Amino acid sequence: MRDLVEIGMGRTARRAYDLDDVEIVPSRRTRSSSVVSTAWQIDAYRFELPLVTHPTDAIVSPGTAVAVGELGGLGVLNAEGLWARHPNVEDAIFRLVRAAEDTEDPTAIVRELQELHSAPIRLDLLTEAIKTVRESGVTVAARVSPQHAAELTPDLLAAGVEILVVQGTIISAEHVQRDAEPLDLKDFIGRLDVPVIAGGVSDYRTAMHLMRTGAAGVIVGHGATRGVTSTDSVLGIGTPMATAIVDAAAARRDYLDETGGRYVHVLADGGMSVSGDIAKAIACGADAVMLGAPLAAASDAPGQGLYWTAAAAHPSLPRSRVALGPDYAVDLKTLLFGPSSDAEGVVNLFGALRRVMAKTGYSDLKEFQRVGLTVRR
């Protein structure tokens, strides 16, 4: 039964929970972390880490996409970002860093992002960025918005993209826009030969609708990070991630029954700052996590300590602040696997996941999704 509370006369709302509100419960068994597997597979592509990068230029360049792939995850390029618009992205990043230093005008950096993204997308630059990833041998993934999916996808596939991510703040099975044909995701996905990951969603019904379009994966959330994403402030739309992931996992189970065995992956995007949040997201039912801000601490992140999401560059209604990264910086491999001398859960993110799986007695991610949970309040 849904947990409804009355918020006024004749109006109720569902009680929902963030990852901070739930805790993982150990089972009667433990095991060695050396026998724990964090591998997962979507379509024909297997990954040793349940890590997909949030597609922002702040953390994903062609080079870091390669590095993430070589470490076992999936790096997702933003096909509408800086590498698709500017031949010298280092200069563009320098402009952002300089704008971030303007303490008298906190909006300067957002205006700078908006101006940089006003440059047209150049297919030669986009193709070159994808080529760099493809030639390394890792899986090639790129993100497009629903508004530009139909326009850009043929060129992305021709360049070698193997997994397509169609992502917006909120996404639906049919995206309607003025003076253009609506993007019918079911028809769009049905005409492609590559797996499509689509999102973000925050409830059971929308997750189920996206699964029925043929998507191979559904993104839950919109990359919300404390101190960065302001979608709640600007639009009044928030995603209590624990409840949203559980709901999407329920849709996955029901869709599996409905189709007689078609499994759609659930990717959690947002609400995760430390390693414990990653573990909780998978415990709630996610197959993988989409990380953004936690990766900004990598010394090889292109944002040079700055972090933003794609929504920061919206030309009329930006929904993401640009945040300064932590005072420390470690290389990407250490950030993901350690060793760590930090006790706050911000380094060795996936070593910690292996440890909690071992502590609770589960050998792989699918088993770990059945771990017990408690609610704090």
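The rules behind each value
Residues numbered from 1 in each chain as written. Predicted model: local features only at pLDDT ≥ 70, side-chain atom pairs only at ≥ 80, totals over all residues. Heavy atoms only, no water. Helix = DSSP H or I, 4+ residues; strand = E, 2+ residues; numbered from the N terminus. Contact = heavy atoms within 4.5 Å. Pairing = 2+ DSSP bridges. Buried < 20%, exposed > 50% of the residue type's maximum accessible area, 1.4 Å probe, protein only. Lys, Arg positive; Asp, Glu negative; His and termini not counted. Salt bridge = Lys/Arg side-chain N within 4 Å of Asp/Glu carboxyl O. Polar contact = N/O pair within 3.5 Å; in protein donor to acceptor, adjacent residues only side chain to side chain. Core = buried A, V, L, I, M, F, W, Y, C linked by side-chain atoms within 4.5 Å. Phe/Tyr/Trp six-rings, centres within 6.5 Å; stacked < 30°, edge-to-face > 60°. Expected span 1.5 Å × (residues − 1). Arc of directions from axis to C-beta.

Draft legend 1. Representation of the environment of Lys333 in the model. On the secondary structure map, Lys333 appears in helix α11 (residues 332-337). For the pair formed by Lys333 and Glu70, sequence separation is 263 residues and the distance between their alpha carbons is 9.9 Å. With residues near it in sequence (within four places) discarded, Lys333 still touches Leu71 and Gly338.

Draft legend 2. Region of interest: the pairing of strand β1 (residues 4-8). As paired elements, β1 and strand β2 (residues 11-14) share four bridges and run antiparallel to each other. Note that in β2 the partner of Gly8 across the bridge is Arg11. Hairpin remark: β1 followed by β2, antiparallel, with two residues in the connecting loop; positive phi at Gly10, about 75 degrees.

Draft legend 3. Spatial organisation of the side chain of Arg143. Among the secondary structure elements, Arg143 is positioned in strand β8 (residues 141-144). The buried charged residue Arg143 lacks any salt bridge partner; its closest oppositely charged side chain belongs to Glu80, at an N-O distance of 4.1 Å. Side-chain polar atoms of Arg143 contact the side chain of Asn78, separated by 3.2 Å. A distance of 3.0 Å separates the side chain of Arg143 from the backbone oxygen of Gln167, its partner in a polar contact. Setting aside residues no more than four positions away along its own chain, Arg143 makes contact with Pro55, Val76, Leu77, Asn78, Ala79, Glu80, Val165, Gln167 and Ala310.

Draft legend 4. Quick look at the nonpolar core. Ranked by size, the top nonpolar core spans 124 residues in total, and within it Leu156, Phe350 and Phe368 carry the most contacts. The element contributing the most residues to this core is helix α9 (residues 241-259), with seven residues. Contacts of Phe368, omitting those with residues within four sequence positions, involve Ile24, Ala279, Ile282, Ala283, Leu353, Val356, Met357, Thr360 and Tyr362.

Draft legend 5. Expanded view of the packing of aromatic side chains. Tallied over the full model, the rule gives two aromatic pairs. When the ring of Trp40 is compared with that of Phe47, the centres are 5.6 Å apart and the planes differ by 35 degrees; the resulting orientation is tilted. When sorted by exposure, Trp40 lands in the same class as Phe47, which is buried. Summarising the aromatic geometry, the rings of Tyr362 and Phe368 are spaced 6.1 Å apart at their centres and angled 65 degrees between planes, so their arrangement reads as edge-to-face. Take Tyr362: its relative accessible area is 14%, and that puts it in the buried class. Classification of Phe368 by relative accessible area gives buried; the value is 0%.

Draft legend 6. Seen up close, the environment of Ala288. With respect to the element layout, Ala288 can be found in strand β15 (residues 288-291). Expressed as a C-alpha distance, the spacing of Ala288 and Gly217, which sit 71 residues apart in the sequence, is 9.9 Å. With residues near it in sequence (within four places) discarded, Ala288 still touches Trp40, Pro50, Leu51, Val266, Leu267 and Ala268.

Draft legend 7. Spotlight on helix α4 (residues 123-136). For α4, built from 14 residues, the straight-helix expectation of 20 Å at 1.5 Å per residue is met to within 8% by its first-to-last C-alpha distance of 20 Å. Along α4, the positions that sit buried rather than exposed are Leu125, Leu126, Ala129, Ile130 and Val133. Around the axis of α4, the buried residues are gathered within 130 degrees of arc, so they sit on the same side. For α4, the elements touching its buried residues are α1 (62-70), β7 (76-78) and α5 (149-159). Following α4 by one or two positions, Gly137 adopts a phi angle in the positive range, close to 95 degrees.

Draft legend 8. Quick look at the pattern of salt bridges. Overall, the coordinates contain 14 salt bridges when judged by the stated rule. Arg95 is the salt-bridge partner of Glu115, the closest N and O atoms lying 3.4 Å from each other. With Glu115 in helix α3 (residues 108-117) and Arg95 in helix α2 (residues 89-100), this residue pair connects regions lying 20 residues apart in the sequence. Accessibility expressed as a relative area gives 26% for Arg95, which makes it partly exposed. Residues Asp187 and Arg191 are paired through a salt bridge, measuring 3.1 Å at the closest nitrogen-oxygen approach. Asp187 gets classed as partly exposed once you look at its relative accessible area, which sits at 41%. Residue Arg191 is classed as exposed on the basis of its relative accessible area, which comes to 56%. Connected through salt bridges with shared partners, the residues Glu23, Lys280 and Arg376 form a single ionic network.

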